[in-house]
Amino acid sequence: MTTTTTPPRSRPHEDPPRPTALTLLLDAVRGNMRQYGMLIALAFIVVLFQIWTDGTLLLPNNVSNLIQQNGYILILAMGMMIVIIAGHIDLSVGSVVAFVGAMSAVMMVRHDMPWVLALVLSLLIGAVAGAWQGFFIAYVGIPSFIVTLAGMLLFRGLTQIVLEGQSIAPFPDGFQNIAKGFIPEAGPYTQYHNPTLLLGLLAVVFLLLREWRDRRRQLAHALDVPPFGLWALKCTAITAAVVAFTLTLASFHGVPVVMLIMCALLITLGYVMRNAVIGRHVYALGGNKAAAKLSGVKDKRVTFLVFVNMGVLAALAGCVYAARLNAGTPQAGLNFELEAIAASFIGGASMSGGVGTVMGAVIGGLVLGVLNNGMSLVGIGTDYQQVIKGLVLLAAVGFDVWNKRRAGK
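First, a word on what this report is: a plain description of the structure on this page. Only a predicted model underlies this, so the values are computations on that prediction, with no experimental measurement involved.

### Section: unusual backbone geometry
- For the peptide bond that leads from A169 to P170, omega is -5°, which places it in the cis range.
- Relative to the elements of secondary structure, P170 occurs in the loop between helix 6 (144–163) and helix 7 (173–180).
- Phi is positive for D112, close to 50°, though the residue is something other than glycine.
- Within the element layout of this structure, D112 appears in the loop between helix 4 (93–110) and helix 5 (115–140).
- One non-glycine residue, N326, lies in the positive phi region at around 60°.

Structure, rendered in structure tokens:
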């Protein structure tokens, strides 16, 4: 007698459980730890010193002072980040800052040149300095460390020669306003600075439109996106942060002129690095030079342009610093290159190149700036400040190494 066995009934298909909003949030943070880590650290440092200083840190006058004090470092950090992404380093930016400040002083004070023309010529001097170093790095093949170390000595010596060991002052009021001025008031009298409120509104609209565009683009390419509620929460947080910052500035003298300069640079350089061909080539060159060359990237031209850009930004930082001091001085720019390099690495740059964002450089510079300002407000000496900043830099780079190993595993 034969027995027949009935096949087992197949189980109905079960869909995997949908991830919760918290799971998606944690996954997004883990996947972008390099990007969000320092932003979280910056928020923590701000809250810490806001409590420690009994609310002094975020007073409107101190926030404006914080922006003006660190404007030139943030400008340098943006350029330095691009240099490091390309796989190079620039040790000469502090000396270029001093040299351009000296030349601007000679043009305006000794030769009575209009400050606008002096500013344009100063930027051209910076471009020539960057082209000089970029030529030896890109076309001669000398390592950037050696070329810019030589440039550090060269431009520091030229500064001493131009100034003859003395400071030159004062500058015209228009030139000083680059570092010390605020955008003028307009419109009817209110308790706040009207143009600053308008700029804040435009910033909110711009950021929300960008978030909406990015979400639509990800959906169009069938990429994972956070739930609408989580995305709306992110947009709400961005809006609240921008509104709070805008009201803080609007309750004092408004937006500093140097902040407008930094925002213009941030938007322009950020767009170039994200969307322009030259920006993608910089990332490719820093990530894998041999593969980039095989892919058709003109490595020499890209490297040359990176250092020209760094020279222009160093010249702009030199003008901002000279305008803040109201003098061209031989001691200007000391250790500025170290501050810019530290801001870049704290902001997510990698020693191997190919990694980093312009916004990350700004965040890293703000971390250092808030640390400096907060420690000064609570009376910590400059000796201990150096120790703390060194530990912060070491922790940031150590976090980067740990994050790479975790990603590799």
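There is more to say after this.
### Observations regarding the side chain of K389
- On the secondary structure map, K389 appears in helix 16 (residues 382–408).
- Polar side-chain contacts of K389 include one of 3.2 Å to the side chain of N372.
- Contact partners of K389, with chain neighbours within four places excluded, come to E339, L368, N372 and M375.

### Observations concerning helix 11 (residues 277–287)
- When helix 11 is considered as a whole, its buried residues turn out to be G279, V282, Y283, L285 and G286. One side of helix 11 holds all its buried residues, which, seen down the axis, span an arc of 165°. Exposed residues on helix 11 whose side chains face more than 90 degrees from its buried face are V277 and G287.
- Elements that come into contact with the buried residues of helix 11 comprise helix 3 (60–85), helix 10 (257–275), helix 12 (289–294) and helix 13 (299–325).

### Let's talk about the nonpolar core
- By size, the foremost hydrophobic cluster in this structure holds 95 residues, and its most contacted members are I75, L76, F175, V282, V306 and V320.
- Broken down by element, the residue count for this core peaks at 16 residues, all from helix 3.
- When residues no more than four places from it in sequence are discounted, the contact partners of V320 are Y72, I75, I178, A179 and V258.

### Let's talk about a nonpolar patch on the surface
- On the surface, L198, L199, L201, L202, V205, L209, W212 and L260 cluster together to form a nonpolar patch covering roughly 740 Å² of accessible area.
- Along the chain, L199 turns up in helix 8 (residues 194–220).

### Here we look at the pattern of salt bridges
- Tallied over the entire structure, the rule returns three salt bridges.
- Measuring nitrogen to oxygen at the nearest pair gives 3.3 Å for the salt bridge that ties E339 to K389. Placement of E339 in helix 14 (residues 336–346) and of K389 in helix 16 is noted, with a sequence separation of 50 residues between them.
- On the basis of relative accessibility, which here comes to 22%, the residue E339 falls in the partly exposed class.

About the cut-offs
Residues numbered from 1 in each chain as written. Predicted model: local features only at pLDDT ≥ 70, side-chain atom pairs only at ≥ 80, totals over all residues. Heavy atoms only, no water. Helix = DSSP H or I, 4+ residues; strand = E, 2+ residues; numbered from the N terminus. Polar contact = N/O pair within 3.5 Å; in protein donor to acceptor, adjacent residues only side chain to side chain. Contact = heavy atoms within 4.5 Å. Buried < 20%, exposed > 50% of the residue type's maximum accessible area, 1.4 Å probe, protein only. Arc of directions from axis to C-beta. Core = buried A, V, L, I, M, F, W, Y, C linked by side-chain atoms within 4.5 Å. Patch = residues over 30% accessible without salt bridge, like charges linked within 9 Å, V, L, I, M, F, W, Y side chains within 5 Å. Areas by Shrake-Rupley, 256 points an atom, 1.4 Å probe, with all protein chains shown as cover. Salt bridge = Lys/Arg side-chain N within 4 Å of Asp/Glu carboxyl O.

Interpretation in functional terms is not warranted from these geometric data alone.
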